[in-house]
Every structure is written in structure tokens, then in C-alpha cells.
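Residue-level listing of the chains:
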Protein chains: 4
Amino acid sequence: MLAEIKGLNEECGVFGIWGHKDAAQITYYGLHSLQHRGQEGAGIVVTDGEKLTGFKGEGLVTEVFANGVDNLKGTGAIGHVRYATAGGGGYENVQPFLFRSEQGGLALAHNGNLVNASGLKHQLENQGSIFQTTSDTEVLAHLIKRSGYLELKDKVKNALTMIKGAYAFLIMTETELMIALDPNGLRPLSIGRLGDAYVVASETCAFDAVGAQLERDVEPGELIIINGEGLKSERFSKTINRAICTMEYVYFSRPDSNVEGINVHTARKNLGKRLAIEAPVEADVVTGVPDSSISAAIGYAEASGIPYELGLIKNRYVGRTFIQPSQSLREQGVKMKLSPVRGVVEGKRVVMVDDSIVRGTTSKRIVKMLREAGATEVHVRISSPPIANPCYYGIDTSTHEELIASSHTVEEIRSIIGADSLAFLSTEGMLDAIGRKYEGEFRGQCMACFTGKYPTDIYEDTILPHEKG
Amino acid sequence: MLAEIKGLNEECGVFGIWGHKDAAQITYYGLHSLQHRGQEGAGIVVTDGEKLTGFKGEGLVTEVFANGVDNLKGTGAIGHVRYATAGGGGYENVQPFLFRSEQGGLALAHNGNLVNASGLKHQLENQGSIFQTTSDTEVLAHLIKRSGYLELKDKVKNALTMIKGAYAFLIMTETELMIALDPNGLRPLSIGRLGDAYVVASETCAFDAVGAQLERDVEPGELIIINGEGLKSERFSKTINRAICTMEYVYFSRPDSNVEGINVHTARKNLGKRLAIEAPVEADVVTGVPDSSISAAIGYAEASGIPYELGLIKNRYVGRTFIQPSQSLREQGVKMKLSPVRGVVEGKRVVMVDDSIVRGTTSKRIVKMLREAGATEVHVRISSPPIANPCYYGIDTSTHEELIASSHTVEEIRSIIGADSLAFLSTEGMLDAIGRKYEGEFRGQCMACFTGKYPTDIYEDTILPHEKG
Amino acid sequence: MLAEIKGLNEECGVFGIWGHKDAAQITYYGLHSLQHRGQEGAGIVVTDGEKLTGFKGEGLVTEVFANGVDNLKGTGAIGHVRYATAGGGGYENVQPFLFRSEQGGLALAHNGNLVNASGLKHQLENQGSIFQTTSDTEVLAHLIKRSGYLELKDKVKNALTMIKGAYAFLIMTETELMIALDPNGLRPLSIGRLGDAYVVASETCAFDAVGAQLERDVEPGELIIINGEGLKSERFSKTINRAICTMEYVYFSRPDSNVEGINVHTARKNLGKRLAIEAPVEADVVTGVPDSSISAAIGYAEASGIPYELGLIKNRYVGRTFIQPSQSLREQGVKMKLSPVRGVVEGKRVVMVDDSIVRGTTSKRIVKMLREAGATEVHVRISSPPIANPCYYGIDTSTHEELIASSHTVEEIRSIIGADSLAFLSTEGMLDAIGRKYEGEFRGQCMACFTGKYPTDIYEDTILPHEKG
Amino acid sequence: MLAEIKGLNEECGVFGIWGHKDAAQITYYGLHSLQHRGQEGAGIVVTDGEKLTGFKGEGLVTEVFANGVDNLKGTGAIGHVRYATAGGGGYENVQPFLFRSEQGGLALAHNGNLVNASGLKHQLENQGSIFQTTSDTEVLAHLIKRSGYLELKDKVKNALTMIKGAYAFLIMTETELMIALDPNGLRPLSIGRLGDAYVVASETCAFDAVGAQLERDVEPGELIIINGEGLKSERFSKTINRAICTMEYVYFSRPDSNVEGINVHTARKNLGKRLAIEAPVEADVVTGVPDSSISAAIGYAEASGIPYELGLIKNRYVGRTFIQPSQSLREQGVKMKLSPVRGVVEGKRVVMVDDSIVRGTTSKRIVKMLREAGATEVHVRISSPPIANPCYYGIDTSTHEELIASSHTVEEIRSIIGADSLAFLSTEGMLDAIGRKYEGEFRGQCMACFTGKYPTDIYEDTILPHEKG
């Protein structure tokens, strides 16, 4: 499904490196491979051991760094890509944040969302702190700054005890790189090696992109400190309740990434296969919605024996400056990003595999598109359960009211989107297909958007990502 | 295969419309859907019945028209997208060309390449004409201008008798739109209807993009004149030797286009199926090189029973301002546009399906990439015959010397690219798979790049597209 | 007076150099010093002896060449700055023009206006020539191209015999630089030396800017050819009727330029002195309208004994992107480019010296401004005679109807602009003050805008500069 | 003298308005007229009574607001222009600063420099505050934020008691505009009326630019509060030791501004007259260094009877993208911003009047330039005393070591700059010429840069403006 269409957006991606003479360049390529996790803004901060230097801006990595990264000299770097909010945000909210003081600089890059940021911010402001951004991320900087401990490591640990929610944090000073993952491990984060250098990234595809080798995933509740003396792992949280975001498998991560040891393409293909078993249908062709549903569609086709075809084409050249067609032109049939392949679907019974339904508007549009291109039947198959609950951990899934599955039955949704049939994958089927081996309430995965069971506290004033900025 | 990597580039795409109040907007969306045919430049000329107004620039359609098309008022329009040459070109060569004179304006958009442009230009310059561009297209304007006939239609016909080669021409004055296709029909060109308006485009996907209906393909040797009195079809050439470019099926056109009635995705899938029959191999997974080889790979998988997987991922965010990695970083493993999916290919025998091999350098790089990601065997299967001859009709296939198949056997190529096995599709297999029903020497298709048999004369001074500008 | 306000615009400035290793850089600085002659566009063409390379664009020299001139390698160069038309023009009309053909390239830069361009263009188009621009300059290229002579020098001479009007032409091929001035010498053009290199420029201030020494002014009717064998002077016209544009002294040229041996600032100061004698007035302060009237105002003050003060200030930071105040804000008193100095004019009788009155609207606005700032009397003194006739030689003075002096007496103009008194300098006074020593009907100067006596033929279809494009 | 050349730069200019429906537009034009006070950055914050909206950027006002100010809706606004540092600064340091918190927003614009900012910042950081900028201005925001008082007015007063140095502050919330001037009144600040609206600006020229009337200057130690209930004046400091920056008269302010009731052009002309009396010389022409020394030169000429001439011309088109000539080209004589007028100075004894000498390098260059243009003698006359001490109040005068007058006698300086004679104005002469009527040690003026007597404490860690950022 198209992220830009569906309003189902990842918050961010982070990348870091320590001990490489081309730190900024490597980070550039690493961020570039994480671009799907955020297109609103990008930034890099480097250290040369004596000072932090940063550059950031709104737009794609290639746009922000159109003039290169030659001014970012140093052997340590952290970088960030930020997702596209409806209209808020702006330059100030682009990360990494870079805070300077007499005691030295502090750079921060964050993937996730803190659920108690509002309360903490209220307290900090009452104590005289001034916030420069509307980002929850800045709270951590203030907590570190106000911590009475002497060593940065202890200040950071102290600050981490006060925040709740989902976070993969990269924290860099002139002389150290710290990496922290929340006690639930809600967001993915892996470390690797590139020669002698250490690398860290939201997804393993970034390691492949820069020629690095995956070492291991960062542990929930772990604080990793890398400096001149090498890498040291500590824990800031003793209790762990592992619950990585299931949507990383279903939708967000790149197919070539491995999330906690499982290849994303393979997981998706398995979701599709299981879906074919759970919800078979007589049809002529199977098609996926590019890009994220392609793997599931291939799996569905393979398991069902119905041929897989390119029934929908995505236009690759839709950029920031694309002129949206007027309502009148859209009604005349002007397409934007997605086109049906008439030659493939005309006169055919089509199985359209998608990874999820958020508001239902896009599914409705695609079903209509396929029918207009001549499909005689359109059967929609979703490779995950219905999303009935908002996400507070960094995925922009809209509010409760906007989620079609929070107030409609599957049959009602089918009717709204105009499909001949509609089926979602079961929760058990999804767990089986992904194939992780965790026990317990969460089975190692956060499935809150499907089940409503959140692995952390959620508060009255917990802010949804899209309500920020 | 990646056009930008392979150096196998289409020359252009054209789009036109007559009789629509939003002519410029429609053309914008039409060109946008033809963007894959050329990314170097784009332009639109409109007529409001009294004067021609144009805007063009270097870059993508969305970049050139970043400020919209509101200044282009009129009910008739022609547009053009231009392919990326190595470094030549420049603003002047971006089309449509717009010539003004006392007698009125003339706008020209051309897809193809004239094989006798050099000789004609020599003659015209000796008679005192001044050329503003290095484009062969401008020759037609001078020939029209110098024609003694009174009516534009006759001037155009007269000029068309003097040019040879491949051309789909859109010619627009204040009051008329003319459409001409060369007597071999080397380049695709179709006309359609959008309500009362007429539309014309290089590919039918442009009709789908704007909500128009295909009427028919333009005939080789046909001159269509559209004006206030409607559409009139005439012929400027009595003899026809139909020979549409085969590579439009194999590589260039979008999968959702129908070329002379045949869906491109379906044709490619059939090429893959036939390839599986002609050149079977024992393997674990089939993968295609995105984007153009995906359909053939699906076909190969379907016919062979080997599962189709996403073994290679293309980075979608590589734009003009992407910083190329240094040689040293590339050697360290920094990837640019294409990444292998380790989780898919590791420990597997891989069939890598591609549509063609030009110089062999890209195939070599991909084979190496797959091996480094853990593939135990890499079997390369090409869904067309070896390209051993340059194209003079508007495809930038490099010179004779650069074409690896012009001087190497299949076994030699296999050894150079480092594959465990390599096979090309046979010419007969290709013809069967595409499934056109033409007789005669060319079977309705130009296969010169495979066979060396050119449907038109070629001269000493015929210029290859990439040698221009 | 403010050129941008008054609509009294110079057409262009030209600069050339031959035999210097930094030809493009020198031309950049030369053009920069001629920027006052045209702000719409700028361009440079260089030759390295084998090929011509050019770059041009819309905007100021510093904007067009914001990325430097390093790509323009060669030892010969010509450059051009173009004036700002109301809205026409565009990239195509920016000079130098660069024409390429089998026989080699030809670059053209032109300051002036041809009075028989329309007729010549009509002829050439009927013979099959295609014009790319709406510029009269292109006519010369076509005439050169069509000339039957073998040597370029003879082609150029042949072409020059066919054109009439005002022109300072720089013509450059791969191996030669040619310089031509019309037989009346209507536009200024000087040659100089920079070490061993030859330089040529519209104004001598360009020589000072690049450290070159003035050699002499180009002669009317002279064709200078500079190539590997040195400089050769020839004549293409035997009759000469010297008539340099008087407005170069009064208004256009920079005060630091010498026009035909006379310093412009000094000439203007003398105009002001003479004006004080011809049109004295009792007053407290003398002020000039920046920038061009400052010298005359100083002269008026010196001769009259009334103190010279800064009564009007020009805002230096008005650029292309300045937001014009709305009518409502303007009525509330929002100023744009010019502000009165209340502290200077309040309670004072002010002599406001300006160089000319075109439409009268600006004078009216300034008089009002001064009164609102507290001036008790405003006496307007103009350092040239009334402009009652349009200019066909490259100055954009508006049409007959728009020139206030073509249909109003001095007293009527005074009343319209709201001054307490108004006086213009007499023609004799102007000639004396400038101090040239020529005899004959024109006294060596074109004063057509004052007298209506044009030194060349003017035709029915002679186009005013501002009507082009 | 050219600010950009001399390195004698004003820190900033501020403008505010309250109660006008076009608040942002008016502020745009107001800032535009203050552009000479800072070209590095510009910004505007508006309030519509409910929320603050801001926009800022690096560059000129016209560049930053190239797309207009239509998005800045509200009836109150404050704006700021920032001076050009050598390379520091950046977007973050551009003002107005906009701080948001639960309690509402706070916008700050500051002209001046705080002398105890380092100490305060140290304290605040130790208490946990995080600074976002390297600007001393931010200290005030933190002090306000941390103040225990309930009402903003009291918080502001409380904060003002803690800062020392030079400051003209505009402070705006959603519902109030506050204006504060330091107890010495070191920087100029005036209030006026535009219809019913209140306006405030660093210079009165901004009132003229927007059609407003000056009401009065802001008093040292005064806090003005403007809100729905009108304007209220309070005092936060009882002691006043008036000491406005003398350089505002000599160099910084626009000639059309009145500073504490005295017109700047008139003051400068009087400085020049007095200089002619104090330091007469036999010469042929008087010339000033544009733009700031023109008035003094006119005064010198008037008092001495030597004619005033344009002996030096400034190129108006030197923008951000101007390519600096290489050393080699500069040695060949390529000029940048300033050109001598050969026709005026050749063979003449020249009096060159300038307003000040900082490092001496520019004076040296100009003297050389004049000699090369043929001046037989060059007599330098400076319309202020030698600058021998750095400024800590917001003027970037370089450090002690760089000030040529801090370690050289007048005769030594004369020799270094290569003049035939050199004279500075006496301190008494300067005071007389400006003509203010204050008594006491400072005579109402800060002359610290001349005398070394600073009206406030200066500390070990007081930071010079140019050392920031």
C-alpha cells in the first residue's frame, strides 16, 4: 500500500557510525537506504573528537545534502530521517537535535514516540526550561541536562528512567556514541561492524547498503556506550517485555531487511501464503498494491495456484512538486500515483492483496479503479488483522474515529470499499506466518493496533504522532 | 534492468491533446505517465487559437513544472519528455521546439531518430539556414519552412517525403494539430478520446493516466490533421513495411501499456515463460532485476515451478542530486541503486532474469552482488536474444564496439559476467511469446539490434542518438 | 532618476576580450561594471581556438554566474548584459547568441537597435530562414550566413551593408573577434589593452574595473578584426555622420566612464552648472534624484551657491523579489525605492534637480513626497531639454503618446507634476556644457529625442525596443 | 565607507507594530528600510491575538520573504534584521526568536549586546537550561521563563534587572507588545503612530518608509507595554546615564533618520564642515567614500570651498553570489566594489573624506586606487576621532589588536595607508558638530571606541559581537 496515500506513516529512521574516516558519507548512504521510513527531513551530526558539526533540512536525503557532506568532518556520526506530517513540523523539528552548552555538545536522534512526554514537558517548563521544538524527543535532552549525576552515562540512564513509550535513541557527544532501546524493544535497532567501525541502524538494509555486517539486534532496555575504549553494553532497565512492532513486518521495513532475525520479504510472503489458506477464493489473477504488498501477493499466488500479475502500477516520479489534479480532473479519471493495468485485469476475476486497511478510502479507490479497468470481480485480501486501535509508539495510524475497523464489521467494510469479498488474516495466522518463537502475553510482538493491548501505560495526555507539530 | 545503469535509453515520449479546456494540465499528467521514456527535460506548448505559448526546462516533469501550468492557457497542447544524455543536450535541445515567424508559430515534438538528418542539414545550411539545436528534429522545421506549398498540410507532407528513419511527430500551429508516423511505424503512437477531445500519446498508459479511451494506433505513413473541423486522416506514404521496435515490448514501455494491441506486462511474462522452456535450470529461487524484468521473472517462475522472490531491491530515492559513492567507498561495499536481499538469496541457487545485456558491466555487478549476499549459484536468463547491433532509431544502445554480444559468444559473456550459466531467448521464441501475427521479412517488428537487419537505409553519416548534443 | 521607475532604459552593454588566459573571468567583471546598462539577462561565450562554449541566463551577472565561470575555458570571450523589458524577452533573447553549423560557430552580442530589421526579417523568412528569437540582432546572423562570400570578414561586411540603425556588434568565431560600429556611431564602444590582450567595451568604466587601459574609441563605420595575427582595422562604410547618443552623457553611462573622451560625471556637473545659470531660483537647498542626477545637482549647487544636500535617499536593497506594496498601503504612505529626508527638506525651499522627464509620473510622485516631508517650495530643474520624440536606437523611451513633453508645454508639465517652478536646459546649453567640438547638423551627437531629427532613416515598420519580445 | 569592506558592522535593526490589519506587510517594509543595519538574516513574528506565527531565514528581507508574507496573519508584529558575520550564525541565530510553552508563546527581537551574558548563561546552564543559540539574546528568555512572578510584565522587569549592556528589546506574546531600552540608551529606538496603530523602530527612516509619524524616542530604562488597553509606560531602572552610540551619527544610521532629534545627514555634513576648519588642506577636489561618507564630504567641500566631486563609485550590484576575483586578477587591477573616477581625479590633488578608520587596510587600498587613477596628492580626512578601543555594545569593530589606532600614531597610520596627509576630527569638534546638548561625563553619548570610557561595566568574559556564533 502506498504510505503517502494511506496515512500510515513510520516516524523515522536512525543511523550511526563510530570510528570511520568517512563517517558522514557512510551515514548519508545509510540514511538513503532508510529513506522509506521518513521523507520530510534529514540530518547528520558528526564529531571529530573536539566538536560537533551538524547539517539538516527539510526534504529527502539527496535533497538536503544536494551539496554533499564534505563540510561534515569527523569519525563519528549520527543521522536521522523524518516522516512527512500533514503540514506541521518545519526545520526546527528535523533531527538530529544538536544542543550546545559550556559543558560540550549533545546530539540526539530518536525513532519512536514517548507516551509521557506531555507530563514531563509540563514539569520541566514549570521549572524554567524552554523548549525549542514541539518534539517529544527534546524532553530527553532536558532530563539529561537537569540530571545531577556527573558522568554523561549516568545522566542518560537517569533520564531514561523517567521516560515511557517507544524509543530507539542515538546520543552523541564529542567523544561518545550512546545507543538506547526502550524496555519493550518496540522499535527495531541493530548494531553491526564496518571494518573496525561500529554501525547502528533502524534496519539491517542500511548495513547492506554500506557494506557492513550485522552483529546483533540491540536488546530492549540496553544502553550501549561506544567511545575510544571500545563498546560497552549496560542495562538501564531490568525488566523486559519484548514487544517489537508487528507492522515492521507487515508494512514498514524494507523487504531486504531482517527484523530480529527474520527476513521481511519472507515474512510477508508467508503472510500471503497463510492468507491464501485462511481465505481462498476462485479467481483468475492475483495482484498486489505496490510496493509493500507485493511480497504477500506473491505468497498468495504461490499458495493458491492463481497466477501473480502486475495489475497495478505505481508511478515512480511523484515528488514534492507534483501538481495534485483538481477534483474535476480527478473525476474525469486523472490518476496520480497508482494505475490499473487494463491489459491484465480486463475481463478477469482479481484478487487484490493489500497489507492493511486504515481509513478504507484508498482501498475503495483501488477497487473502483480495477473495476473501471474491466475486472469482473475484485476480491480484497488483507495480510494482517483489522487495525482497530491507534498507535502511540510512533506510527501515524490516525485516531480511533478515523480507523474504519474500529467501528465497522468486515462485511460493512467490504460494502464500503465495494469489493466482491473481503478477508483479513487472523491474529494467530499472522503470528504463525511471521514465525517468531516468543511466549507470553505479547508473544514478543506489539499488536496493539489489532488487539488494543498496549505493552506500556497510555495516558490521558499521550499525544498521537500526527497530532504533534 | 535499470535504464540509468545500463545505458539503454529511450529517446523520448510525446503527448498531445486537442479540444480540451484543461489542455496543459492533461498534458502534464500525460507526460508524467511517460516519464520513464525520458528524464532529461520536459516541455509543453499550448495554443488558444490565436497564439502558441510554451514552457520547457531540464529535469523531470514535476521539476520543470514545479510552479504549475497555469500560464499555459489554451485548448490544444503538445508535450515532450526527453531522455538523459551523458552530459550534452541542454535547454536548447529540450522539446517541443517552438518556431515563430510572420506567418505564425510552429511547435514540434518528436520521438525517434532520423537517419538522413546529417545530409539534409548539410544541404540546408549551405542554402543559408541557421540551426539552433543539435537535434535532428529541427531539420523537419526547416524543410517545412522552405517548402513552396501554400497550405501547411502540403508543406508538412512535402517535408516528410524528404526524411528517413524513425519518427512519431506532433506538429502544432495556432489552429491545427498534426500527427505523423514514419512508414515503418518504428515508434509506438496511439490516438484516443477524452470526452470530445482528441488525445495522442507514445504509450497507452498515458490514456489511462488521464482517463482517456484508446481509439486506435496511428498507422505507419499516416498523417492525421485535427482542427476545428474535426479529425482527418491522410497518407503521405503509400508503401508500408510495418516494423515496430521490439524493445518496446522487451524493455521500454510501461507494463500497463498496450503496444499495437498487446499488453506489455503480458508479453514480458510470456517471454519469461518461453525462456523457462528454452533454458531450464535447477534452482531454488527466481528473481528479476527491477523494474523492467519483473514480469519476465514472474513468467519464468510460473513456467518452471521455481518460487519467485524479491532477490533484488531498487532504491526509489535516487535523484539528480544523489552523491555517487567514491571508488573507495564502492569497494567497501557501498551500494547505490540496487541491493541484494540477503535473507532471500543466502544459501540459494538463484535464477536471475533480466531483459537484456548491453555492455555486460551491470550484469557482472549484479552477479557479484548476489554471490556476496550468499547465493550459491547464479544462473542468468535473458528474455531476449543478444544485442549485437546498434540502434539508429532513437534507442541509445551504444556503439558496435561497446555491445558485448557483437564480439563475444554466449559462453564468453557468461565467463565475463561470472554467472554459473547464461542463456538468451531465441528470436523465434521471442516472436512467438510476444504473439504478433505479421508476416514478411520483419514479421511486423524491427529486430535490427538482434539481427542487424535494418528496415530503412542507414548511411555513412547516420548519427547514433548518444553521439548527438 | 531611477531607471526602473522611469521606464527610460538602456538596451544593453557589451564586453569582449581576446588573448587572455582568464577571458571568462575578465568578461564577468567587465559585464559586472556594465550592469547598469541592463539587468534582465547576461551571457558569456568563450573560444579556446577550437570551439565556442557559452552560458547565459536571466537575471543579474552575479545571479546568472552564481556558480562561477570555470566551465568557460578559453582565451577569447564576448559578453552581454540585457535590459529589463516589461515582461517579454525570456531566455531565448538573452545574448550573446551562439549559432553553430558545419562551418563552425558564430557568437553575436549587440548593443543598439536596427531600424530596418522588420523588412529584412520578412525577406529572410520568405526565403526559408527560421528565426529563433524576436530580437533584431538575429537578422545579422542570417545575413552573414546567406552571404556568398568565402571569408567571414567579407560575409560580415556584406551583411553590414544591409542593416541600418544603431549597433555596436561583437562577433566571435573560434578563431576571430570582430567589432563593428554603425556609421553614425550612435552607441559608445571603446577598445583597450590589458597586458597583451585586447579588450572592447560599451563604456570605459569596464576597463577600469578590470585594470585595462583605454586605447581609443571605435570609429563609426569601422570593422576591427582581431585574431592570431593581431588587430586589423578596416572600414565598411565610407561616409560617416557622427552622432553619438546624447543620453549617454545625460543619463545612461556611469559617472566614471569617459564617452568619446569626456568624463560623464564632469559633463553632468557642467549640465547642472549651466542649468543654474539658465534657470536660477531662490531656494534653501539643492537635491538630486539618485543616482543619475547627483552630479548635475552638485553642479547646480556649486554654480548657484545654494547648499547641496541629500534630500532624497534610494533604498539599495530593492531586488527582483521585492514585494510591491498594495495600492492601499501605498496610499497610507508606504515608500518603495525612494524616500525624502525630512530632516533636510522640512521647512525648506527645495531645488530638485533631475536629468529628464519621460512620462512625468515619477516627477509628480517625488514632488509630492518632498512636500509631504515638509518642503515649503519645490522647484524642479531638468538638466536636459524636454524629451518629445521616441528613440529608435536602443533606448526604451516609450512611444510618442506617453512622452509628456510631446503634447504639453513646460507650464502644463509644471502644473501636472505639482512643482512651484519647472525649467529645462536649452539644447544649446546642453551642447556647450557637454563640450564636444563637432560641427554639422548633429554637432556629433544624436539629439533626436529632443529635436525629432533622426540621423538615419526611420520606417513605417521600425520597431521601438519596448515593443519587441 | 563600505561596511562590507571595513568590518565595521551594526548588529541589527528592529521594527514592531501593534494594532494594524496589515501588520506583517508593514513590518516587511519597515525592516526593508532598516536593511543597512544587517544583511545576514531577517524574520517576522505576528500575533492574531491567539497564537504567534513566525517566519525567518538567512539573507536579505526581500530574499527571506521572496514568497510574500501572506501566511503571517495578525495585527501585531515584530521583526528583525541581522548583520553579516564572517561565517558563523546560521538559521538558528536569526531573530525574532520564538519560544513556545504551555503558558503561551514569547517572541524576542534584540538590537545590542549584553556584557554579562556569559556569566548569566553559565548560571542558567548549571540550573538545567538548554540554550538553542549562541546568541546573548536568548539569556533574556530564560530569565523571563524562570522568574517567579505571575504577570509577564513583572517577569520581564525582573529579568531586565539581571542583564547589563546595550539593548533595545521588542518582546511580544499573543496579547502584548513590550519595548525595553537599556538604562544608558545605548542603541536608538523610537516609537510612532500609523493611524491608530503603534509602531516602534531602531531608526525613524522606518517610520517614513511606512508612512508613520514619529512620536518620541524611547527613554533609557523605560518599559513600554502595548496591549488591548493601549500604551502604558513604566520604568524598570531609576538611574539613567544617557549615552547613545556616537557611531549611529557618524556611520551607521541612514542619512534620512533622526537620532534623538538630530538628522543624521545634517550631523554628518556638520562633521565634515568642522573637519574642514580643523584640518584644512590645499587641494583641487573633495570626494567621499560612498555611501556613508558622502554627507561629510559635502560638508567639507562646502566649508573649504573646494569643489565636491564623485571621485569614487560604488558598484551597486555586488550581491551574495558575486565571485571574488582571485589574488592574481586583483593584482592585475580587477576592482570589486569601489572604482576611482579617473576623469575626476586624474592630475588632481584629492581630499578623500571618510568617516572612520578601523584596520586601515581599506583606506590603504583606496589611496592606492586614487593614485593609480592619476591623483597627484591624496589627503585623507576622517570625520571622527581615531577608533582605538573595541565596542562591546553591538558594533563589530574588531578586537583591540586589529584596531590600527590602538597601537599607531596618526603619522604612523598616514604612512601605512600611503596618504600625503591624514587628519582625524577632534572629540570636541565631533561633539560640537553633532550638536547634542547633554552635560556630564558622557555628554549623552557613548564614545567608548574613541575614548575607552565605557558607560557600563565590562567583564573578563564579555564577548565581542564578532566572537559569537
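Each value, and the rule that gives it
Residues numbered from 1 in each chain as written. Chains lettered and ligands numbered in written order. Predicted model: local features only at pLDDT ≥ 70, side-chain atom pairs only at ≥ 80, totals over all residues. Pairing = 2+ DSSP bridges. Helix = DSSP H or I, 4+ residues; strand = E, 2+ residues; numbered from the N terminus. Axes fitted to C-alpha atoms, helices over the stretch in contact; angles between N-to-C directions. Contact = placed C-beta atoms within 7 Å. Least-squares fit on C-alpha atoms with pLDDT ≥ 70 in both. Buried ≥ 20, exposed ≤ 12 C-beta atoms within 10 Å, placed from the backbone. Nonpolar A, V, L, I, M, F, W, Y, C, P; charged D, E, K, R; others polar. UniProt positions renumbered as here; feature names shortened; annotations may be inferred. Arc of directions from axis to C-beta.

S.K.: Give me the sheet that holds strand β11 (residues 197-201) of chain A: which residues, what numbers.
M.R.: Backbone hydrogen bonds hold the strands of a sheet together, and the pairing may be parallel or antiparallel. All names here are of chain A. Taking strand neighbours across the sheet as the criterion, the seven strands line up as β4-β3-β5-β2-β11-β10-β12 in an open arrangement whose pairing is antiparallel. The open sheet has two edge strands with one neighbour each: β4 (52-58) and β12 (213-217). With direction set aside, neighbouring strand axes in the sheet form an average angle of 15°. Of the pairings in the sheet, the one linking strand β10 (residues 190-194) to β12 comprises four bridges and is antiparallel in character. If you follow Gly-192 over to β12, its bridge partner there is Leu-214. Helix α2 (residues 23-33) contacts β2 (12-18), β3 (41-47), β5 (76-82), β10 and β11 of the sheet and is inclined by roughly 25° relative to β5.

S.K.: Describe the relation of the copies chain D and chain A, naming the residues involved and giving the relevant values.
M.R.: For these two chains of identical sequence, chain D goes onto chain A by a turn of 180° and a shift of 0.1 Å along the axis, with RMSD 0.1 Å. These values place the two chain copies in the arrangement generated by a two-fold rotation axis. By C-alpha distance to the rotation axis, the residue of chain D lying nearest is Ser-129 of chain D, at 2.7 Å. A shared binding surface is used by both copies, with 100% of the interface residues of chain D retained as interface residues in chain A.

S.K.: Which residues make up the environment of Ile-130 of chain D, and what values do they have?
M.R.: If you trace the backbone, Ile-130 of chain D turns up in the loop between α4 (117-126) and α5 (137-146). Among the residues examined, Ile-130 of chain D registers 23 C-beta atoms within 10 Å and is labelled buried. Taking the C-alpha atoms as reference points, Ile-130 of chain D and His-142 of chain D, twelve residues apart in sequence, are found 9.0 Å from one another. Ignoring any residue separated from it by four or fewer positions in sequence, one finds Ile-130 of chain D in contact with Phe-99, Ser-101, Ser-129, Ala-141, His-142 and Lys-145 of chain A.

S.K.: Account for the interface of chain A and chain B, with residues named and values stated.
M.R.: Much of the literature gives interface size as the accessible area that the parts lose upon coming together. Counting from both sides, the interface comprises 53 residues of chain A and, opposite them, 53 residues of chain B. For the side of chain A that touches chain B, the secondary structure elements donating two or more residues are α2, α3 (61-64), α7 (205-210), α9 (264-278), α10 (294-304) and α12 (342-345) of chain A. The dominant element in the side of chain A that touches chain B, judged by the number of residues it contributes, is α2 of chain A, at five residues. Each residue belonging to the side of chain A that touches chain B can be placed in one class, and the counts come to 24 nonpolar, 19 polar and ten charged.

S.K.: Break down the UniProt feature "binding site: Mg(2+)" (unreviewed entry) in chain A for me, with residues and values.
M.R.: All names here are of chain A. UniProt's feature table lists "binding site: Mg(2+)" (unreviewed entry) at Ser-292, Asp-354 and Asp-355, given in the numbering used throughout. Taken along the chain, the residues just named run across 64 residues; in space they keep tight, none of their C-alpha pairs more than 8.0 Å apart. Considering the arrangement of structural elements, one finds Ser-292 in the loop between β18 (285-288) and α10. Looking at where Asp-354 falls in the secondary structure, it is placed in strand β21 (residues 349-354).

S.K.: Give me the pairing of strand β6 (residues 97-101) of chain C: which residues, what numbers.
M.R.: All names here are of chain C. Bridge analysis of β6 against strand β7 (residues 104-114) gives five bridges, and the strand direction is antiparallel. When the bridges of β7 are listed, Arg-100 appears paired with Gly-105. Connecting β6 to the next strand, β7, in antiparallel fashion are two residues.

S.K.: Tell me about the relation of the copies chain A and chain B, and please be specific about residues and values.
M.R.: Each of the two chain copies can be generated from the other by rotation about an axis followed by a shift along it. When chain A is fitted to chain B, the residual RMSD is 0.1 Å, and the transformation amounts to a turn of 180° plus an axial shift of 0.0 Å. Taken together, the interface assignments show that 100% of the residues at the interface of chain A recur at the interface of chain B, consistent with an identical surface on both copies.

S.K.: Kindly report on the UniProt feature "active site" (unreviewed entry) in chain A, identifying the contributing residues and their values.
M.R.: Residues and elements named next belong to chain A. Here, the residues flagged by UniProt with the feature "active site" (unreviewed entry) are Cys-12. Within the element layout of this structure, Cys-12 appears in strand β2. A tally of 27 C-beta atoms within 10 Å means that Cys-12 is categorised as buried.

S.K.: For helix α14 (residues 410-417) of chain D, give the residues involved together with the corresponding values.
M.R.: Residue and element names in this part refer to chain D. Those residues of α14 lying buried are Ile-413, Arg-414 and Ile-417. An end-on view of α14 places all buried positions within 105° of arc, on one side of the element. Turned more than 90 degrees from where α14 packs its buried face, Glu-411 and Ser-415 sit exposed. As for α14, its buried residues are in contact with α13 (361-372), β22 (377-382) and β24 (421-424). Of the residues trailing α14, Gly-418 is marked for its positive phi of about 80°.

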